[in-house]
Amino acid sequence: MAASITKALTRNLLRRSGDTTRELQLRFCSAATSAAAITAPETQPSEKNGPSRLSKLMLFVPGVITFGLGTWQIIRRQEKIEMLEYRQNRLQMDPLNCNEVSPSSENVDALEFRRVLCSGVFDEKKSIFIGPRSRSISGVTENGYYVITPLMPLANDPKSVQSPILVNRGWVPRNWRDKSLEVAGADDQPSSIAPPSQESTKSSWWMFGSKKKKVEEDQVPTVKPTEVIGVVRGSEKPSIFVPANDPNSFQWFYVDVSAIARACGLPENTLYIEDINDNVDPSNPYPLPKDTNTLVRSSVMPQQHLNYTLTWYSLSAAVTFMAFKRLQSKKSRR
């Protein structure tokens, strides 16, 4: 009797568990069907419509970039035109007296490209050579240097500069720098000439003593002042490809006014000008100063900026046209 009751209970439990398993299976199938129904609308449009909106926009990015570069060249061209007009107007002003120009940095920035009139004596032994700088003569390129020499005050001359200034005298051939280095090396070597003995000095004294005063009166050294008309300038801004200056080995690749002044034993705020004297002696042409056209010119002129603008705009139109053609080809395939 007990065994029959146990079998009946077991059959009922199995039937209920079977019903539960079927219900769970039905529920799972219904959930999967509903999920497929929900996800189906999201996947079907991507297959029908092709690339997404972001990928379409990426096709036009090169055109936008090149168009922006062309517009930037237009802005740069206008800035360059204004800069060249500013320089030309400054050069047409009457020259200032060099002693009226203060060597402070603020005044130098405000007076840049103003002509100044200076007078003094060049200290050739302290010349600095900047370069090499090439120069084209009748189609032949020749390497040389720009020579910068301190212009020193002249005693008892009211027209002379009151404090030393640095003058870029112009372009010189390579042999000028070689000779300057040879002279500097010879000055550094000790002299091999022995000083005269006291006996020879005493013996020659009676021969030349009577004429000493007359020679001093007849051979009074007279120094003729040098007049320079120059333009106030500042230090150059070298590119990343220009090496650093090395004053110890006399290697100067660009104009650094404060460093050159220190190398010449002058204050760092020493005034720096570029000689623009057009009256060059044909028999002695060097140093050859810059002319006004060379001084005003820039590395990139307005016409070059215009050429760059046309190039960038042409590229922008080309890549934009290619982007439209690519989108049209994908639509035609569908």
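Residues numbered from 1 in each chain as written. Predicted model: local features only at pLDDT ≥ 70, side-chain atom pairs only at ≥ 80, totals over all residues. Heavy atoms only, no water.

An unreviewed UniProt entry lists the protein under the name SURF1-like protein, from Nicotiana attenuata. Turning to the protein, the UniProt annotation filed under Function (unreviewed entry) states: "Probably involved in the biogenesis of the COX complex." As recorded by UniProt, the Sequence similarities (unreviewed entry) comment attached to the protein reads in full: "Belongs to the SURF1 family." (UniProt positions renumbered as here; feature names shortened; annotations may be inferred.)

> Describe the overall build of the protein, listing the residues and the values that go with them.
Within the protein one finds ten helices and seven strands. In the protein, which comprises 334 residues, the share counted as buried stands at 24%. Taking all contacts inside the protein whose residues are at least 6 apart in sequence as the whole, residues at least 24 apart take part in 67%. As presented, the protein carries roughly 23800 Å² of accessible surface, and 57% of it is formed by carbon and sulfur atoms. (Helix = DSSP H or I, 4+ residues; strand = E, 2+ residues; numbered from the N terminus. Buried < 20%, exposed > 50% of the residue type's maximum accessible area, 1.4 Å probe, protein only. Contact = heavy atoms within 4.5 Å. Areas by Shrake-Rupley, 256 points an atom, 1.4 Å probe, with all protein chains shown as cover.)

> How would you summarise the packing of aromatic side chains if you had to cite specific residues and measurements?
The tally for this structure, following the rule as stated, stands at four aromatic pairs. Note on Phe60 and Phe324: the rings are 5.0 Å apart at their centroids and 70° apart in plane angle, and the pair reads as edge-to-face. Taken as a pair, Phe60 in the loop between helix H2 (53–58) and helix H3 (61–91) and Phe324 in helix H10 (residues 302–333) lie far apart in primary sequence, 264 residues in all. Sitting above the plane of the Phe122 ring, Arg169 keeps its charged end 4.6 Å from the centroid. A cation over a ring is seen here: Lys290 above Tyr146, with NZ or CZ 5.0 Å from the ring centre. (Phe/Tyr/Trp six-rings, centres within 6.5 Å; stacked < 30°, edge-to-face > 60°. Lys NZ or Arg CZ within 6 Å of the ring centre and 35° of its normal.)

> Go over H3 with me, naming the residues and quoting the values.
Compared with the 45 Å implied by 1.5 Å per residue over 31 residues, the 45 Å span of H3 between its first and last C-alpha is a close match. Burial in H3 covers these residues: Gly63, Thr66, Gly70, Gln73, Lys80, Leu84, Arg87, Arg90 and Leu91. (Expected span 1.5 Å × (residues − 1).)

> If you had to explain the pattern of salt bridges to someone new, which residues and values would you point to?
One pass over the full model with this rule turns up eight salt bridges. Residue Lys126 pairs with Asp123 through a salt bridge whose shortest N-O separation is 3.9 Å. Taking the relative accessible area as the measure of exposure, Lys126 reaches 35% and is therefore partly exposed. Close ionic contact of Glu268 with Arg262 constitutes a salt bridge, the shortest N to O distance being 2.9 Å. Relative accessible area serves as the criterion here: at 48%, Arg262 is assigned to the partly exposed category. When salt bridges with common partners are traced through the structure, they connect Glu112, Arg233, Glu274 and Lys290 into a single cluster. (Salt bridge = Lys/Arg side-chain N within 4 Å of Asp/Glu carboxyl O.)

> Would you mind going over the side chain of Arg177 in detail, with residue names and values included?
Tracing the chain through its elements places Arg177 in helix H5 (residues 174–188). One buried charged residue, Arg177, remains without a salt bridge, the closest side chain of opposite sign being Asp178 at 4.7 Å. When near neighbours in sequence (up to four residues on either side) are disregarded, Arg177 contacts Phe129, Tyr145, Ser249, Phe250 and Gln251. (Lys, Arg positive; Asp, Glu negative; His and termini not counted.)

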